[in-house]
Amino acid sequence: MIEKIWSGRSWLSLLLVPLSILYSMIIGLRRLCYHLAILPRWKALIPIIVVGNLTVGGNGKTPVVIWLVEQLLSRGYRVGVVSRGYGGKATSYPLLVNKSISIKESGDEPALIYRRTGVPVAVAPKRVAAVKMLLREHNLDVIITDDGLQHYALRRDFEIVVIDGIRRFGNGYLLPAGPLRECQYRLNTVNAVIINGGIAKQGEIAMQLTGDIAINMLTGEKRSVCELGQVVAIAGIGHPARFFSSLEQKGVPLIATHAFSDHQHYEFSTLSSLVTDHQTLLMTEKDAVKCFHFAQLNWWYLPVNAKLSQPGAGKILSAISELAKLSKNA
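Treat the numbers as computed from the prediction; the structure is a model and nothing was measured.

## As for the overall build of the protein
Point 1. When helices and strands are tallied, the protein shows eleven helices and 15 strands.
Point 2. Against the compact-globule benchmark of 20 Å for 330 residues, the protein has a radius of gyration of 20 Å, which places it among compact chains.
Point 3. Reported as C-alpha extents along the three principal axes, the dimensions of the protein are approximately 60 × 50 × 45 Å.
Point 4. When each of the 330 residues of the protein is scored for burial, the buried share is 51%.
Point 5. Considering only residue pairs separated by 6 or more positions, the protein has 73% of its internal contacts joining residues 24 or more positions apart.
Point 6. A total accessible area of about 15600 Å² is found for the protein, and carbon and sulfur atoms account for 56% of it.
Point 7. Charge centroids of the protein, computed over 36 positive and 24 negative side chains, lie 7 Å from each other.

Here it is as structure tokens:
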């Protein structure tokens, strides 16, 4: 329902506009306090790269984080990642992700990033604490923060905003009348704007999520996603419809789809009841990291990779490389 309200200027969204104005004043004052050093900001000795968004909901920022980590690793840089760890509830923070840490402690996105990249990942509601932990435990050249565009207590050297190219900014209102966390003019202050799907405008970097090979959650077998037989698809991400639509575009024979809330914690009984033994349960990789310990033979997941257009992708990497070199020589 909230998606429908935020996608257009309904009477309900108009009723909420006064609250959006109040929200705008609060976040504007807060940002000004950081800018004027009334509120303290902490600066790391190595570059901090923020990958965030202006809107609530899935925009594809985690695949961008993974892409960025892999690109920097291939260039010889030592990279760490920090995350808020939405959906996770640890007994104490900051938390360093490893194989013994449960998803319920770390949250799904940090676990996914760690599983895919193998780089150090620290989780904390206060990202400064997570960064300090990484710097104590590891010798790094660059730290990437997954989300945190509005976490101004941490100084950053490079900001990347990821935008859903189809939904963009919805009705254009700030929370709660619309999906915006900050006003659109904030884009004028960031270093790069990436558009996930849709059509990129001038100055924006086009991105597509690619992936056609599904992986069996028990055996690790790889198979074309179009060769899985009768498929029941599930997604517990910010925008499940994008996942289902991408499967339809690939020609996957979907017999049912089930959307769950973002960061959904799954039970075996919930998922096993959705498919018969002769059907395939297909999910996103973000869902899969929470289900491996009770997966069945007919359960598969589809990993995706961010593919960014040139020359924008090269400019991002060149700028970050230059920042890393400068910090080493400082």
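## Quick look at helix H3 (residues 17-35)
Point 1. Over its 19 residues, H3 runs 27 Å from end to end, which matches the ideal 27 Å to within 8%, given 1.5 Å per residue.
Point 2. Inspection of H3 places Ser20, Ile27, Cys33 and Tyr34 among the buried residues, and these make up the whole buried set. Along H3, the residues classed as buried sweep out an arc of 155 degrees about the axis, all on the same side. Facing away from the buried surface of H3 by more than 90 degrees, the exposed residues are Pro18, Met25, Leu29 and His35.
Point 3. Among the residues trailing H3, Ala37 stands out with phi positive, at a value near 65 degrees.

## Side note on the sheet that holds strand S7 (residues 192-196)
Point 1. As summarised here, the arrangement of the nine strands in space is S3-S4-S2-S5-S1-S6-S7-S8-S15, forming an open sheet in which the pairing is mixed. Only two strands of the sheet have a single neighbouring strand rather than two, namely strand S3 (95-96) and strand S15 (305-308).
Point 2. In terms of strand pairing, strand S1 (residues 48-52) meets strand S6 (residues 158-164) through four bridges, oriented parallel. Bridge pairing links Ile49 to Phe158 in S6.
Point 3. Relative to the sheet, helix H4 (residues 61-74) contacts S1, strand S2 (79-83), strand S5 (142-146), S6, S7, strand S8 (205-210) and S15, its axis offset from that of S5 by approximately 170 degrees.

## Some details on unusual backbone geometry
Point 1. Omega for the bond connecting Tyr93 with Pro94 falls within 30 degrees of zero, at 0 degrees, which places this linkage in the cis form.
Point 2. Relative to the helices and strands, Pro94 is located in the loop between S2 and S3.
Point 3. Note that the residue after Gln310, namely Pro311, is joined by a cis bond; omega there is 5 degrees.
Point 4. Examined against the element boundaries, Pro311 turns out to sit in the loop between S15 and helix H11 (312-329).
Point 5. A positive phi angle is found at Asp147, which is not glycine, with a value near 75 degrees.
Point 6. Within the element layout of this structure, Asp147 appears in the loop between S5 and S6.
Point 7. Of note, the phi angle at Arg168 is positive, near 50 degrees, even though the residue is not glycine.
Point 8. Residue classification places Arg168 among the buried positions, given a relative accessible area of 17%.

## Here we look at the UniProt feature "binding site: ATP" (unreviewed entry) in the protein
Point 1. UniProt feature "binding site: ATP" (unreviewed entry): in the numbering of this structure it lies at Thr55, Val56, Gly57, Gly58, Asn59, Gly60, Lys61 and Thr62. Lining the largest pocket, out of the annotated residues just given, are Val56, Gly57, Gly58, Asn59, Gly60, Lys61 and Thr62.
Point 2. Its place among the elements puts Val56 in the loop between S1 and H4.
Point 3. Relative to the helices and strands, Lys61 resides in helix H4.
Point 4. You can call Lys61 buried: its relative accessible area is 9%.
Point 5. If sequence neighbours within four positions are ignored, Lys61 has contacts with Val51, Gly52, Asn53, Glu109, Asp146, Asp147 and Val162.

## Brief notes about a nonpolar patch on the surface
Point 1. Nonpolar side chains collect at one region of the surface, where Leu29, Leu32, Leu36, Ile38 and Leu39 lie side by side and expose about 470 Å² of accessible area between them.
Point 2. Checked against the element boundaries, Leu32 lands in helix H3.
Point 3. Note on Leu32: relative accessible area 42%, which makes it partly exposed.

## Considering the UniProt feature "transmembrane region" (unreviewed entry) in the protein
Point 1. UniProt feature "transmembrane region" (unreviewed entry): in the numbering of this structure it lies at residues 12-29.
Point 2. Span residues 12-29 is 94% helix and 0% strand, its end C-alpha atoms 26 Å apart.

## Describing the layout of surface pockets
Point 1. The space that makes up the largest pocket amounts to roughly 1200 Å³.
Point 2. Taken together, 48 residues form the lining of the largest pocket, with Gly60, Asn196, Leu209, Ile237 and Arg242 sitting closest to its centre.
Point 3. Going through the elements one at a time, helix H1 (2-7), H4, helix H6 (108-117), S8, helix H8 (240-250), helix H10 (285-288) and S15 are the ones with two or more residues in the lining of the largest pocket.
Point 4. It is H8 that contributes the most residues to the lining of the largest pocket, seven residues altogether.
Point 5. Of the residues in the lining of the largest pocket, the class split is 17 nonpolar, 18 polar and 13 charged.
Point 6. Here the lining of the largest pocket gathers at least three residues from each of two domains, domain 1 (1-77 + 141-203 + 308-329) and domain 2 (212-303).

What counts and how
Residues numbered from 1 in each chain as written. Predicted model: local features only at pLDDT ≥ 70, side-chain atom pairs only at ≥ 80, totals over all residues. Heavy atoms only, no water. Helix = DSSP H or I, 4+ residues; strand = E, 2+ residues; numbered from the N terminus. Rg over C-alpha atoms; globule rule 2.2 N^0.38 Å. Buried < 20%, exposed > 50% of the residue type's maximum accessible area, 1.4 Å probe, protein only. Contact = heavy atoms within 4.5 Å. Areas by Shrake-Rupley, 256 points an atom, 1.4 Å probe, with all protein chains shown as cover. Lys, Arg positive; Asp, Glu negative; His and termini not counted. Charge placed at Lys NZ, Arg CZ, Asp CG, Glu CD. Expected span 1.5 Å × (residues − 1). Arc of directions from axis to C-beta. Pairing = 2+ DSSP bridges. Axes fitted to C-alpha atoms, helices over the stretch in contact; angles between N-to-C directions. UniProt positions renumbered as here; feature names shortened; annotations may be inferred. 1 Å grid on protein atoms, 1.4 Å probe; cavity = no way out; pocket = protein on both sides within 12 Å on 5 of 7 lines; lining within 4 Å. Patch = residues over 30% accessible without salt bridge, like charges linked within 9 Å, V, L, I, M, F, W, Y side chains within 5 Å. Salt bridge = Lys/Arg side-chain N within 4 Å of Asp/Glu carboxyl O. Points joined across faces, edges and corners; volume = space filled by probe spheres on them. Nonpolar A, V, L, I, M, F, W, Y, C, P; charged D, E, K, R; others polar. Domains from an automatic or database assignment.

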